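Residue-level listing of the chains:
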Amino acid sequence: MFSIGLFHSTIRKEEKLIIEAACKSGVEIKVFDIREQIFNPLNFPVEFNVALERSVSTVKGNYLIQFLEALNIPVINSSRLSRLCEDKFLTSLCLQKAGIRTPKFALAFDLQGAEKAVEELGGYPVVIKPVLGSWGRLLAKVNDRDALEAIIEHKEVLGSPHQKPLYLQEYVRKPGRDIRLFIIGQEPLCAIYRESEHWITNTARGAKAKNCPLNDELIKISEQLVMAIGPGLLAVDIFETEDGLSVNEVNHTMEFRNSEEPTGVSISNAIVSYCRKVGDEQ
């Protein structure tokens, strides 16, 4: 019987939906708490056909992926895709190289460099983000030099090593919403608008999800991303601008609890089907 190994660090709504979808489709799913695992290549029983990495912890998830790939076990998503998506600077570089429209960005390591980067990005306001992070946490809209200096001082004194790189991005004025596009394998599945009066349009921060019909521009972005990053399970955050759609970030351990109802699409079922496809191709 085909089986999926679902590795998690906590069971969220998404994992429950995936487990339910697997059971309904006759696919066996084995659930493993990544925090309880011992990654010993000489003593690791393989009890599944394909692994699905769903860890909230990026560090633990990355070690899992690298370990399983070293044992030639298919894992979703791949280490290459995960590495490109987890780091916002690497994501931006990949998008830029592939010719995919994305907000202007720069990376600096001190106040002097950040000030010069702000000038090159067109001046204030700018957005400063941690290179690693999710759920819209620790984002700051920087309106002037005083705010920039204060934020950088806090990062230098209190931040972890991941807070030291200063990733800056041009501030994009949005029409009270952005778009999240879901890609399964090589195909766009569905999309939502995330509406909020706040400049951070993230459902984890209270934004409301509404269906966004797929159009030719979203389909083209999907094709470009698959070519640049590779096939997998992706959630793409997109801005609507006067020049067209602009890709902000690409998420590789996507949350979708607020997206199935407004779109009418079972994202969890599509994930299970994709796992089956990857496993059958091995």
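See above for the structure.
Worth saying up front: this structure is predicted, and the values here are computed from it rather than measured. (Residues numbered from 1 in each chain as written. Predicted model: local features only at pLDDT ≥ 70, side-chain atom pairs only at ≥ 80, totals over all residues. Heavy atoms only, no water.)

A.B. asks: Would you explain the sheet that holds strand β5 (residues 105-108) in this entry?
C.D. replies: Adjacent strands of a sheet form backbone hydrogen bonds with each other and so pair up, either parallel or antiparallel. Across the sheet, which stays open at both edges, the 4 strands sit in the order β5-β8-β6-β7 with antiparallel pairing between neighbours. Strands with a single pairing partner mark the edges of an open sheet, and in this sheet they are β5 and β7 (140-142). The mean inter-strand angle of the sheet, taken between neighbouring strand axes irrespective of direction, is 30 degrees. Taken strand by strand, helix α5 (residues 111-120) contacts β5, β6 (126-129) and β8 (166-170), and its axis lies near 15 degrees from that of β8. (Pairing = 2+ DSSP bridges. Helix = DSSP H or I, 4+ residues; strand = E, 2+ residues; numbered from the N terminus. Axes fitted to C-alpha atoms, helices over the stretch in contact; angles between N-to-C directions. Contact = heavy atoms within 4.5 Å.)

A.B. asks: What's the story with the packing of aromatic side chains in this structure? I'm lost.
C.D. replies: The geometry of an aromatic ring pair is captured by the separation of the ring centres together with the interplanar angle, meaning the angle of the planes. Scanning the model with the defined rule gives 9 aromatic pairs in all. Centre to centre, the rings of Phe89 and Phe105 are 6.0 Å apart; their planes meet at 75 degrees, and the pair counts as edge-to-face. Highlighted residues: Phe89 in helix α4 (residues 88-97) and Phe105 in strand β5, separated in sequence by 16 residues. Relative accessible area serves as the criterion here: at 17%, Phe105 is assigned to the buried category. Connected via pairs of aromatic rings, a cluster forms that spans Phe7, Phe32 and Phe48. For Arg177, the ring lying beneath its charged end belongs to Tyr193, and the centroid distance is 3.8 Å. (Phe/Tyr/Trp six-rings, centres within 6.5 Å; stacked < 30°, edge-to-face > 60°. Buried < 20%, exposed > 50% of the residue type's maximum accessible area, 1.4 Å probe, protein only. Lys NZ or Arg CZ within 6 Å of the ring centre and 35° of its normal.)

A.B. asks: Got a minute to help me understand the side chain of Arg12 in this structure?
C.D. replies: When you line up the elements, Arg12 lands in the loop between β1 (3-8) and α1 (13-24). By relative accessible area, which is 11% here, Arg12 ends up buried. Setting aside residues no more than four positions away along its own chain, Arg12 makes contact with Arg54, Val56, Thr253, Glu255 and Arg257.

A.B. asks: Is there a simple way to think about the nonpolar core in this case?
C.D. replies: One broad rule of soluble globular proteins: the nonpolar side chains tend to lie buried together. Counting residues in hydrophobic clusters, the biggest one holds 27 residues, and the most contacted among them are Ile4, Leu52 and Ile271. Of all the secondary-structure elements, those providing two or more residues to this core are β1, α1, β3 (50-54), β9 (177-185), β10 (187-195), β12 (232-241) and α9 (267-281). Sorting elements by how many residues they give to this core places α9 first, with 7 residues. If sequence neighbours within four positions are ignored, Leu52 has contacts with Ile4, Gly5, Leu6, Phe7, Ile18, Ile76, Leu233, Ile271 and Cys275. Core analysis: the second largest hydrophobic core is formed by 24 residues, Ile179, Ala191, Leu225 and Val250 among them. (Core = buried A, V, L, I, M, F, W, Y, C linked by side-chain atoms within 4.5 Å.)

A.B. asks: Would you mind showing me how to read the sheet that holds β9 here?
C.D. replies: The antiparallel open sheet is built from 5 strands, whose spatial order is β11-β10-β9-β12-β13. Only two strands of the sheet have a single neighbouring strand rather than two, namely β11 (208-211) and β13 (244-251). On average, each strand axis in the sheet is tilted by 30 degrees relative to the strand beside it, whichever way the strands run. Pairing between β12 and β13: 7 bridges, direction antiparallel. Across the sheet, Asp237 pairs through a bridge with Glu249, a residue of β13.

A.B. asks: What am I meant to see in the pattern of salt bridges here?
C.D. replies: A pair can form between side chains of opposite charge whenever their charged atoms are brought close. Inspection of every chain in the model, using the stated rule, returns 18 salt bridges. Here Glu149 makes a salt bridge to Arg145, at a shortest N to O gap of 2.9 Å. Taken together, the residues span about one helical turn, with Glu149 and Arg145 both in helix α6 (residues 145-158) at a distance of 4 residues. Given a relative accessible area of 35%, Glu149 falls into the partly exposed group. In this structure, the salt-bridge partner of Asp178 is Arg194, at a minimum N-O distance of 2.8 Å. Of the two residues, Asp178 sits in strand β9 while Arg194 sits in strand β10, which places them 16 residues apart along the sequence. Take Arg194: its relative accessible area is 4%, and that puts it in the buried class. What emerges from the salt-bridge pattern is a single network uniting Arg12, Glu15, Arg54 and Glu255. (Salt bridge = Lys/Arg side-chain N within 4 Å of Asp/Glu carboxyl O.)

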